[in-house]
Amino acid sequence: GALSVADVRQQVNLIQLIMKDVMKDGEHYGVIPGTGSKPTLLQPGAQKLCLTFRLDPQFETSAAQDGDHVEIMSKCTLWHIPSGQRFGSGMGSCSTRESKYAYRKASRKCPACAKETIIKGKEEYGGGWVCFKKKGGCGAKFSDGDEAIEKQTEGRVPNEDVADQRNTVLKMANKRALVAAVLNTTAASDIFTQDIEDLPTQSAAPQATSSLDSSATTPA
């Protein structure tokens, strides 16, 4: 049957009490700059609410391959541990095409040791370029104008090891699905917003989004 007004009020009060007495700002939730004043529910906070309402998250994932890139779609279903009932679910996705996975920050590599430890030498020590030992370099020195150094690309470049990000995007898709499911199932969206702290603030590619399952049942 339907929950009573008192039941709904009690659940909202419980979530607010957990937020106040158990959760920590910056660890379980946090206001993300540029996203308004409502706190974002983070993965540890979602896990605390699962513990509170005795919810067991189960994940179903699928993958779509596009060349070297992969997009992981995840559905998180929350089961009530004492009763074994399905209480709700949420969807999340993550792709290696998102800028934080598709690109990396490149620095100049040393032609001698192949490490990205090249720095500009100080003028008082003759200028040029140095493979900085304090950054793990070999200490090799190169003169100004050396094309082996100065023709290298710096800044944001495509990630050559994008396939290595597969496990990372799988975890991120599950994380987004979990938060979506918890917000939907506990009706806590008036207190928290969707987990977006992991999304890039600026991206050349479209960002992944999370959606909610409309068939959720709120736990008593």
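Scroll up for the structure.
All values reported here derive from a predicted model rather than from experimental measurement.

1. Brief notes about the nonpolar core
Then, in step 1: Membership of the largest hydrophobic core comes to 23 residues, with the highest contact counts inside it found for Leu41, Leu49, Leu78, Val182 and Phe192.
Then, in step 2: Of all elements in the fold, only helix H1 (5-21), helix H2 (43-52), strand E4 (69-80) and helix H5 (166-186) reach the threshold of two or more residues within this core.
Then, in step 3: Sort the elements by how many residues they give to this core and H5 lands first, with 6 residues.
Then, in step 4: Once residues within four sequence positions are removed from consideration, Val182 is found in contact with Leu41, Ala46, Leu49, Cys50, Leu78 and Ala187.

2. Thoughts on the side chain of His28
Then, in step 1: Checked against the element boundaries, His28 lands in the loop between H1 and strand E1 (29-30).
Then, in step 2: With sequence-adjacent residues up to four places away left out, His28 is seen in contact with Val22, Met23, Thr40, Leu41, Leu42, Pro44, Gly45 and Lys48.

3. Quick notes on the sheet that holds strand E8 (residues 129-131)
Then, in step 1: As summarised here, the arrangement of the 3 strands in space is E7-E8-E9, forming an open sheet in which the pairing is antiparallel. Among the strands making up the open sheet, the edge pair consists of strand E7 (118-120) and strand E9 (141-142).

4. Considerations on unusual backbone geometry
Then, in step 1: Phi at Arg54 takes a positive value of approximately 60 degrees, unusual for a residue other than glycine.
Then, in step 2: As for its placement among the helices and strands, Arg54 is situated in the loop between H2 and strand E3 (55-66).
Then, in step 3: The phi torsion at Ala187 lies on the positive side, around 55 degrees, for a residue other than glycine.
Then, in step 4: By relative accessible area, which is 42% here, Ala187 ends up partly exposed.

5. A look at the state of the cysteines
Then, in step 1: Per the counting criterion, the structure on display carries 0 disulfides.
Then, in step 2: Free cysteine Cys113: the closest other cysteine sulfur is in Cys131, separated by 3.6 Å.
Then, in step 3: By relative accessible area, Cys131 is classed as buried at 1%.

6. What about the side chain of Arg176?
Then, in step 1: Inspection of the secondary structure assignment puts Arg176 in helix H5.
Then, in step 2: Classification of Arg176 by relative accessible area gives buried; the value is 2%.
Then, in step 3: Only 3.0 Å separates the side chain of Arg176 from the side chain of Glu98, close enough to count as a polar contact.

7. Brief notes about the packing of aromatic side chains
For any pair of aromatic rings, the description rests on two quantities: the centre-to-centre distance and the angle between the ring planes.
Then, in step 1: According to the stated counting rule, one finds 1 aromatic pair in the structure shown.
Then, in step 2: Taking the centre distance of 6.1 Å and the plane angle of 50 degrees together, the rings of Tyr29 and Phe192 count as tilted. Placement of Tyr29 in strand E1 and of Phe192 in the loop between H5 and strand E11 (211-212) is noted, with a sequence separation of 163 residues between them. Both residues of the pair, Tyr29 and Phe192, belong to the buried class.
Then, in step 3: Between the NZ or CZ atom of Lys120 and the centre of the ring of Trp129, over which it lies, the distance is 5.3 Å.

8. Considering the environment of Thr186
Then, in step 1: Structurally, the position occupied by Thr186 is in helix H5.
Then, in step 2: On the basis of relative accessibility, which here comes to 1%, the residue Thr186 falls in the buried class.
Then, in step 3: With 136 residues separating them along the chain, Thr186 and Cys50 place their C-alpha atoms 9.2 Å apart.
Then, in step 4: Separated by 2.6 Å, the side chain of Thr186 and the backbone oxygen of Val182 make a polar contact.

Thresholds applied
- Residues numbered from 1 in each chain as written.
- Predicted model: local features only at pLDDT ≥ 70, side-chain atom pairs only at ≥ 80, totals over all residues.
- Heavy atoms only, no water.
- Core = buried A, V, L, I, M, F, W, Y, C linked by side-chain atoms within 4.5 Å.
- Buried < 20%, exposed > 50% of the residue type's maximum accessible area, 1.4 Å probe, protein only.
- Helix = DSSP H or I, 4+ residues; strand = E, 2+ residues; numbered from the N terminus.
- Contact = heavy atoms within 4.5 Å.
- Pairing = 2+ DSSP bridges.
- Disulfide = S-S within 2.5 Å.
- Polar contact = N/O pair within 3.5 Å; in protein donor to acceptor, adjacent residues only side chain to side chain.
- Phe/Tyr/Trp six-rings, centres within 6.5 Å; stacked < 30°, edge-to-face > 60°.
- Lys NZ or Arg CZ within 6 Å of the ring centre and 35° of its normal.

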